[in-house]
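# Understanding the architecture of this molecule
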Amino acid sequence: MDLPVNITILGPGAVGSLWACYLQKAGHNVSLWTRNSIPSELPLSLSAKENSSYAFSCNNKESLSQCDLLFITVKAWQVESALLPLLPLLSKDTILLFMHNGMGAIDAIKDQISHHPILQATTTHGALKESSHKVKHTGMGHTVIGPFNSLGNQCQFIQEVLTHSLPSTEWNPEIKVALWKKLAINCAINPLTAIHRCQNGGLSQSDIHQDVVQVCCEVQQVLQQEEVILSQSELLLTVNQVISATAENYSSMNRDCFYQRKTEIDFITGFLLQKAKQHGISASTNQTLYNQIKQLEENFL
Ligand SMILES: NC(=O)c1ccc[n+]([C@@H]2O[C@H](COP(=O)([O-])OP(=O)(O)OC[C@H]3O[C@@H](n4cnc5c(N)ncnc54)[C@H](OP(=O)(O)O)[C@@H]3O)[C@@H](O)[C@H]2O)c1
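It should be emphasised that the depicted structure is a prediction, and the values quoted were computed from it without experimental measurement. (Residues numbered from 1 in each chain as written. Predicted model: local features only at pLDDT ≥ 70, side-chain atom pairs only at ≥ 80, totals over all residues. Heavy atoms only, no water.)

### Observations regarding the UniProt feature "domain: Ketopantoate reductase C-terminal" (unreviewed entry) in the protein
According to UniProt, the feature "domain: Ketopantoate reductase C-terminal" (unreviewed entry) maps to residues 175-297 in the numbering used here. For the annotated span residues 175-297, helix accounts for 70% and strand for 0% of the residues, and the straight-line distance between the end C-alpha atoms is 30 Å. (UniProt positions renumbered as here; feature names shortened; annotations may be inferred. Helix = DSSP H or I, 4+ residues; strand = E, 2+ residues; numbered from the N terminus.)

### Side note on the site of the ligand
Around the ligand lies a shell of 21 residues, among which Val15, Arg35, Asn101, Ala127 and Glu264 are the nearest. In the environment of the ligand, an oxygen atom lies 2.8 Å from a nitrogen or oxygen atom belonging to the backbone of Val15. Among the secondary structure elements, those contributing two or more residues to the shell around the ligand are helix H1 (14-25) and strand S8 (126-131). When grouped by side-chain class, the residues that make up the shell around the ligand number eight nonpolar, 10 polar and three charged. (Near = heavy atom within 4 Å. Polar contact = N/O pair within 3.5 Å; in protein donor to acceptor, adjacent residues only side chain to side chain. Nonpolar A, V, L, I, M, F, W, Y, C, P; charged D, E, K, R; others polar.)

### Digging into the pairing of strand S3 (residues 41-47)
Here S3 lies mainly inside the structure; five of its seven residues are buried. Relative to strand S4 (residues 51-58), S3 is paired through seven bridges, and the arrangement is antiparallel. Residue pairing across strands places Ser47 opposite Asn51, the latter belonging to S4. Inspection of the sheet shows S3 paired to strand S9 (residues 134-139) by three bridges, in the parallel sense. Paired with Ser47 across the bridge in S9 is Lys136. (Buried < 20%, exposed > 50% of the residue type's maximum accessible area, 1.4 Å probe, protein only. Pairing = 2+ DSSP bridges.)

### Some thoughts on the domain arrangement of the protein
Each assigned domain of the protein is listed with its residue range as follows: domain 1 (6-172) and domain 2 (177-300). Residue-level contacts link 15 residues of domain 1 with 15 residues of domain 2. Both sides together, the interface formed by domain 1 and domain 2 hides about 1,400 Å², and carbon and sulfur atoms give 64% of it. Its largest share of buried area at the contact with domain 2, domain 1 owes to Trp77, Asn101 and Met103, together 52% of the area lost on that side. Taken together, the links from domain 1 to domain 2 amount to one salt bridge. For Lys75, the salt bridge identified is with Asp256, shortest N-O distance 3.1 Å. (Domains from an automatic or database assignment. Contact = heavy atoms within 4.5 Å. Buried area = accessible area lost by both parts, 1.4 Å probe. Salt bridge = Lys/Arg side-chain N within 4 Å of Asp/Glu carboxyl O.)

In structure tokens:
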């Protein structure tokens, strides 16, 4: 990718800060949009192989109105409140790229944003915001990106922008399938690790693993109705591989519950349950886990 792209990152938390640093390092013009009015310049340092420091303009309306790409890295439940107030400030040509766990957040606002090219992405890169000025790249991963609407279909060049900045990234015209597969894994791992207060590896204990199997069974029935081709044994194999490859890690929902923060359950298990209901599928294990997480949230919110 030769031409620099004007990019605003909406929500420079862990993931947003990680991409901000790598995109700027690759030569793109990157600015940040935060929810607080903070100084107009924000330095961020990236601790990965090398320690590098970058300076970003912050909450700059001119940069926002001229951006080619608005890269939205807030959590699923923050998408609506973060993005809608900015819409009047954007050019209609601005590409909206959403990167968050879970599904359904874009559907909720699609009528308000359908005049923009829209892309969705999912990543397995790991990021940790160590302080307001410091982000750590905790694990190399892979990113999949694809179109949410037909205008988004014309924006495949964004895959090159991402892959030249933070490899590797692939374009998937069937991004929904990739998102469903990620959601299936999240349904199996996130609520159970939060409820049992364990690392991902804790799910291989036989008494907990029987719930993993049950969750996968219900999720696979929904996938089938959504025309996502993945057998129950393939799904369980993938989930077991993720559990063993990330045995020492804490899931994001485990961390959210540990720090008493609102979780993304409504966009993970909650989305699954909505779809199960539409298809007349009973998903009692997922429903129980959903209720337990909502109960935990009620206790600390
Ligand atoms: N971290 C990872 O390794 C990782 C990996 C893969 C996927 N994900 C997914 O990526 C998404 C982002 O995760 P994260 O870990 O980066 O979360 P995060 O650190 O909480 O980042 C979200 C950021 O959005 C900001 N924000 C919230 N509302 C906003 C608003 N109205 N306007 C502007 N900014 C706003 C938050 O600001 P405040 O700090 O003020 O709340 C925070 O800086 C989640 O869906 C997560 O599941 C994360």
